[in-house]
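Coordinate inspection notes
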Amino acid sequence: MDRSWMYKFRGSKEYENGLDKLLDIAFEKESVNGKIVCPCKKCKLGDWVDRVTAKDHLTYHGFLNGYARWFVHGEASSSTRPTYDLGDNFDNGNDMQGILHDGICFGRVENYSDDNDGDGIPGDEEPNNDAKCFYELLKNAEKELYPGCKKYSQLSAIIRLFHIKCLNRVSNKGFTDLLEFIKDAFPVGETFPKSYYEAKKMIRGLGLSYNKIHACPNDCMLYRKEYENDTECHVCKTSRYLEDKDSDAVGEALSKKKKKVPAKVLRHFPLIPRLQRLFMSSKTAYFMRWHKEGRTEDGYMRHPADSPAWKTFDFRNRDFAEETRNIRLGLTSDGFNPFRSLNVHYSTWPVVLIPYNLPPWMCMKQEYFFLSLLIPGPTMPGNNLDVYLEPLIEELKLLWEVGVNTYDASMNRNFNMRVALLWTISDFPALANLSGWSTKGEFACPSCHKDTCSRWLRYSGKHCYMGHRRFLASDHPFRKDKRSFNGFEEHDKAPSQLSRDMVLRELDGHTHTFGKLNNDNRKLPYNWKKRSIFFELPYWKGNILRLDKSKDHAKARDDLQEMGIRPELHPIVDESGKRYYPPPCFLMNRAEKEIFCGVLKQIKVPDGYSSNISKCISKKPPKIFGLKSHDNHILMQQLFPLALRRVLTKQVRAPLIDLCNFFRGLCSKVLHARELIQLERRIALTLCHLERIFPPSFFDIMVHLPIHLATEARLAGPVQYRWMYPVERYLSTLKAYVRNRSRPEGSIAEGYLAEECVVFCARYLDDVETRSNRATRNHDGNIDTRVELPMFVNPGRHLRGVNIVNWDVDTMKRAHQYVLFNCEIVQPFLSEHREMIRNQNPRLRIRDIERIHNETFASWFANQVQNMDFVNERGISDELRSLAQGPNFIGKRYKRFIINGIRFHVKEIEQRRKTQNSGVVVIAKTTSYSSANDRNPVIGDVTYYGVLKEIVELEYFLSRKVVLFKCDWVGQGRMQRQDENGFTLVDLSRPMNTGEPFILASQAQQVFYAEDPIDKGWHVVIKTAPRDCFDMDRREEIYVEDYLLSETCTGDISDDNEEIRWVREGVLQFVHPLFLVWFERQLLIFLKMVKTRGGKSIRQSTRKSTACDSAQASHERAHNDTQVLTQQSAHVTQSSIEPNIGISGGRKKRKARGPTLMPKVWGQTEETRKRISFNKFGQPNDKEHMSTFAHFLGTLARNGKYAPLNVLRWDKVPEKPNKEQMLQIVKDKFEIPLGCEDYILQSIGKKWRNLKTTLKAKYFDSKLSLDENLRNVPNRVNESHWNDLVKHWLSKEGIEASKKNKESRSHQPYTHHTGQRGFSIIREMEHEKLGHEPTLLHMFMTCYSKKDGTPANALVGEKIEQMKMLHASGASSDNGNDAYYKVIGNGKYGRVNLYGLGVKAADVNGTVPSRKASHHAALQLQARNEELQKELNELRSIVRENRMQGNPSDSSNALTPNNHVQASTSVTQSPIEAGMDVVLLSITNPSEKVALGKVCSVDPSTEVGDEELGPNWCEVTIQVPIV
């Protein structure tokens, strides 16, 4: 459209005609009630006028300078921005014109006239400050960075540098130093600023500002409006300014010239321009309408716009809801310490606003958090927070009642923007400051209000909040259960929800004066502290949502006694006044604590799932420490149920697991009202079960609040938009802005403005990674859009490391077959081939047809496509032809791959990682046959769990690729089960032998596994979902569990009224220390009896557990764990014994036979293991099993898990756990006498050193480069170990060590011919042959001679002749040893030659060293055990005779094998019956009380320790010992 008339004389005919045409278009397209927005210099697009007035204004005043495109008056344009001529000299991909237009909107630039063009008319007025700022930025956008620079202007370069500063947290000083360096390095004529301050001034115009408002230091008032010029507070009369310390006359004169310093300053960041910028920016304007135009509406709640609270607000305020661009906000506030020193008491309170119009992936990001107020410290405002909220409330009232005119860049028009506040977000203590309801005391619950059920605990000194039976159904049996709860029946109904209208009625007529020094306010009803300032908002009262150490101790038991409930847990006082406390049912013993912490310590979670929580877990001593808020979130929802599986009783465990499941379901990203109603009922029942278990002191207000959370989510939608996690992270960001510790609030304000400016500009930087456009950690990468076949689209990307491999025929066949069977375009061919086989073989079973189909389809399909291509049928595409021909034999193998937003790793690289990314789950269509003759198989979905072993990429012709995962799978059946808690468990030690190990990478979903602490080999399955995934698809049915972030178990809590056992039997707590001494002594007696019985199993009677039973159970469980580990070893595969990393190209040719694996030995159990005999030197001399034993030690030496090759010396291999584990494995597979551990470790070490020597000789070449040697990884060797070895061999230290070893070997010219027997076996054989100990001369001749008796070489023959001559001449003693020593010499380091490994001179000379002492002691102990066995048999016969005679006096004080005290308590006068409480007396001193107990059985036939009780004995359980 021609605009030249705009610059003509306004009285000319051309101007008048052009103006009439413009007005015609404007009134035709953009008029409202016959009026348009006037674009003259006076109205500045702010007033609505009729046609006549508009023509007069434009004729008299002229057009608004800069209004070159009439986008407000009907001109259609793809761009809504005025065109500012920035030249065509800069091509850097950055939208500087967009930044200038959207950052400084046309409403602020009132007098723009480009006088340099020659076409414009100079303005009539001087530019205002905004216009001057705009001109300066425009000038900088046109200025070259340095002479001849075509890529960056001065403005674009400074914006980029500022972006780098903020993104990487560069300090101001560091930024200045960087600018100084750049100015010095760039050519002459560069235009960089000199410092951070100058750079900041240059781009200040793109940002927004804030206002400083002085406040009373006692939080009484703000100095604004009518109090703006006051110098003291009108409430407390405190001075507005800090006192001047200068008191003399000179000081007073100087102080008058100084600027007074305010005592307290509130920083207010105006909300209106920040909200307007969301619409004025072309990058965000469209998303502000997403809540209406882009949201999925199917009854599920994914966003606050889906919630009843949002919809109810729209219904009550229909005029507001009609404009979809009106904004809904959430307000949050919390205090934080701006200093990193925790010992500094300082609290700064920011007030942040969150716009909910944005979609879920933008809504809770920090870029869209608006800091509105910054309330200064050092003390928190507390109840006076309303004083500081006044400026914000006034803005919100203006935005609700009037609104502001705002330009929408996405729709090219203005609209009246209005804003509403939906709710507040805070933690529970801050809720009191925002809402005015105190969160302490009798009525602490803001939802229950005056109906809060609380009770004061006199001894604990606090309130407890119980009464959750009110929320159950009126006919629920818990309501009448007095014994399990507080001693009363419950007939009250659940409290009704408190509305804001009810709040106003309660607070009607009450006023409140703010200020810390003001104590004259009247007491308000209930827990009210004030009337919240939010009620000044007209719509606030109509909102339906109001968001505004050990517990078991001595005093808690006293509270139970005072309440008259749970007498079993009351303190027990003996005659001496000592108090004993029975252990509660929820108390863990030490073994359970170690299991609990052990599960959390060992668990590995996927990448990005959580932080490394294992760092916060200690197993010994068992404790949890140092958790962050998100760590608690993960533990509560995901990991605690796993840790609780194997501890506590089911009555205690089930409600705790259900509480975790409740929070996990509540925190789902997708919710439905019906599911939330179920959660409401579920949490009420769960809390009632907890009331039956835990003492009242446990139930503080935080335990009570979950009863209202499901109701709140049902009203307001998903909790992710209202919880404090993102807010707390934002507070950490604000804390990082503090540069000046003396002015923390000022630093935060300036840092926020700089960050706000950079975030805005970053949206327009297209060629650089910013917070707005950078990819997520696990992004899939770019999808190849050139392909036509979906199979070849290949989303995903690999990470680091690619191995080029040659596929074997079987692997390629299976992988290609899976690709064909899962390609949609091939499905018609599959049906055709299956039908052809059926027609050719009509009598075959379906199972056989499928087998033939699987085996022959690939070749048939290739021929079929080739024939069709020949006759030109169906229009065969190139990609289908490529698919039919099959993949190349050369492909790629990866170890890391990202797809569907999930990171996968192969299993072999996770040994040293803290994360687990190898778990895979897939749901497959599976055909199931009931028998071999089944002609009606069932087709259904079957869930398979697997462990990722390989990631392979098949390459077809035309460079088309397919990525597949090869896994070890576990299917349904014996390898998969559910436990009583609802957890899914799989046995990963026994994978399926399936013919289809492959799946497409795009089909894989991720799980991770947690090993069961009791059942070795079994793992609990935990399903996960991508972290940044938002399910926006329409759903027809309700499967809320599918949307959970992570799913651990589906077990439900029991709804029965089973009696609770409050006392935990078998756990010791609160007992006198002397009792532990007595108990330990009796336990040693018991364990000795068990040991002398040869380890036979003890039959368990049907009695209750005791403390000693618990210890015995822990001992047996540890024994069973060892057995399970032994059984697992029978299933150890080659890859688990010796890790197989894969074969790289260029490797030297190896023998066909690999190293010995000894699978039979690994499969041996305790019953089938072989006994190895050792000689007096601690060396094995077992001729029958010696070879097997030596080979097995070799498998351990080659196992990188136990004997890592990257350790330079054997003595540096860790004693714990490596060497201890190897010793334990050897003892599990062979019966080894004591004292032989040194030889075993020395033998493994020798084989370990030989392995390194062999690897170096075969796979290492010092002439090759480092990279070439690194690529030549030997098979079955860990890649990282090999890398460390190669680097060491090529290092200076490694080369010197190699030279030293070669020199040492040169001094050993003799080569023995003993084979695998060794010197110790040869010595034993020669001893039997000669009848006496062979001499060293004889051993040398035997070991260093060939089979025919000739010496091994000439040197050996020469030495033998010299020794014979010395021996024959009498120059040496008759035994032949001296001749050997004179010719050969003594052994090194005190060793003796020709005796074998580990023998020293002290051993041969007759003195037994300390390391052999245990071996000799074992022989003595064996003889002593035989004597003790005889004594034990005699004692048993005596006890049996005494029982038959009815004389218990000879039984002593020892426990029976079942750890039950014999009831010599016949001193009681009444007959003993089962269930009777009795006092146990000492056998040796009948007047001494031993313990209080309960009779379990008086039946003479009851067996205790394989013996019947008899007529004079009874079985008693110890309840309370008495010392």
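Now for a look at the structure at hand. (Residues numbered from 1 in each chain as written. Predicted model: local features only at pLDDT ≥ 70, side-chain atom pairs only at ≥ 80, totals over all residues. Heavy atoms only, no water.)

Examining the packing of helix α18 (residues 590-602) against helix α19 (residues 629-644)
Filter applied, for reference: Axes here refer to lines fitted to C-alpha atoms; in helices the fit is confined to the stretch in contact. Angles between the N-to-C directions go from 0 to 180 degrees. Helix and strand definitions here come from DSSP, where helices need a minimum of 4 consecutive H or I residues and strands a minimum of 2 consecutive E residues; each element is numbered from the N-terminal end. Roughly parallel covers angles under 35 degrees, roughly antiparallel covers those over 145, roughly perpendicular covers 65 to 115, and oblique covers all other angles. Helix crossings are classified by the rotation of the near helix relative to the far one: an anticlockwise turn of less than a right angle makes the crossing left-handed, while a clockwise turn makes it right-handed. We call two residues in contact whenever any of their non-hydrogen atoms come within 4.5 Å of each other.
The contact between α18 and α19 brings their axes to 8 Å, and the two run at 130°. Taken as axis vectors, α18 and α19 run oblique relative to one another. Crossing geometry of α18 relative to α19 is assigned as right-handed. Of the residues in α19, those in contact with Phe596, Val599 and Leu600 of α18 are Leu635, Leu639, Phe640, Leu642, Ala643 and Leu644.

Quick word on the sheet that holds strand β4 (residues 265-268)
Rule in force here: Strands pair, by our definition, only if DSSP identifies at least two bridges between them.
Within the open sheet, the 6 strands sit side by side as β3-β4-β8-β7-β6-β11. Their pairing is mixed. The two strands at the open ends of the sheet, each matched to only one other strand, are β3 (211-214) and β11 (419-425). Within the sheet, the average angular offset between the axes of one strand and its neighbour, ignoring direction, is 20°. Of the pairings in the sheet, the one linking strand β6 (residues 327-333) to β11 comprises 6 bridges and is parallel in character. Across the sheet, Leu329 pairs through a bridge with Leu421, a residue of β11. Lying on the sheet, helix α25 (residues 744-762) is in contact with β4 and β8 (370-375); it crosses β8 at an angle near 170°.

A short note on the packing of helix α5 (residues 154-167) against α25
Inclusion rule: Classification convention: Asp, Glu, Lys, Arg as charged; Ala, Val, Leu, Ile, Met, Phe, Trp, Tyr, Cys, Pro as nonpolar; all other residues, Gly among them, as polar.
Relative orientation of the contacting elements α5 and α25 amounts to 120°, with a least axis distance of 9 Å. Between α5 and α25, the interaxial angle falls into the category oblique. Considering only the axes of α5 and α25, their crossing is left-handed. Where α5 abuts α25, its residues Ile159, Phe162, His163 and Cys166 lie against Ala754, Glu755, Val758, Cys761 and Ala762. Within the contact of α5 with α25, the residues separate by chemical class into 7 nonpolar, 1 polar and 1 charged.

Some words on the pattern of salt bridges
Let me state the cut-off plainly: By salt bridge we mean one thing: a side-chain nitrogen of Lys or Arg within 4 Å of a carboxyl oxygen of Asp or Glu. Residue exposure (1.4 Å probe, protein chains only): buried if accessible area is under 20% of the type maximum, exposed if over 50%, otherwise partly exposed.
A full pass over the atoms with the stated rule returns 50 salt bridges. Of the charged contacts in the structure, one is a salt bridge between Glu594 and Arg590, with a shortest N-O distance of 3.7 Å. Of the two residues, Glu594 and Arg590 are both situated in helix α18; the distance of 4 residues between them amounts to about one turn of the helix. Look at Arg590 and you get exposed, because its relative accessible area is 52%. Residues Asp1477 and Lys1494 are paired through a salt bridge, measuring 3.0 Å at the closest nitrogen-oxygen approach. Note that Asp1477 is positioned in strand β36 (residues 1477-1481) and Lys1494 in strand β37 (residues 1489-1497), a separation of 17 residues in sequence. Of the residues examined, Lys1494 reaches a relative accessible area of 23% and is grouped as partly exposed. Via salt bridges that share partners, Arg645, Arg646, Arg977, Asp979, Asp1012 and Asp1015 belong to a single interconnected network.

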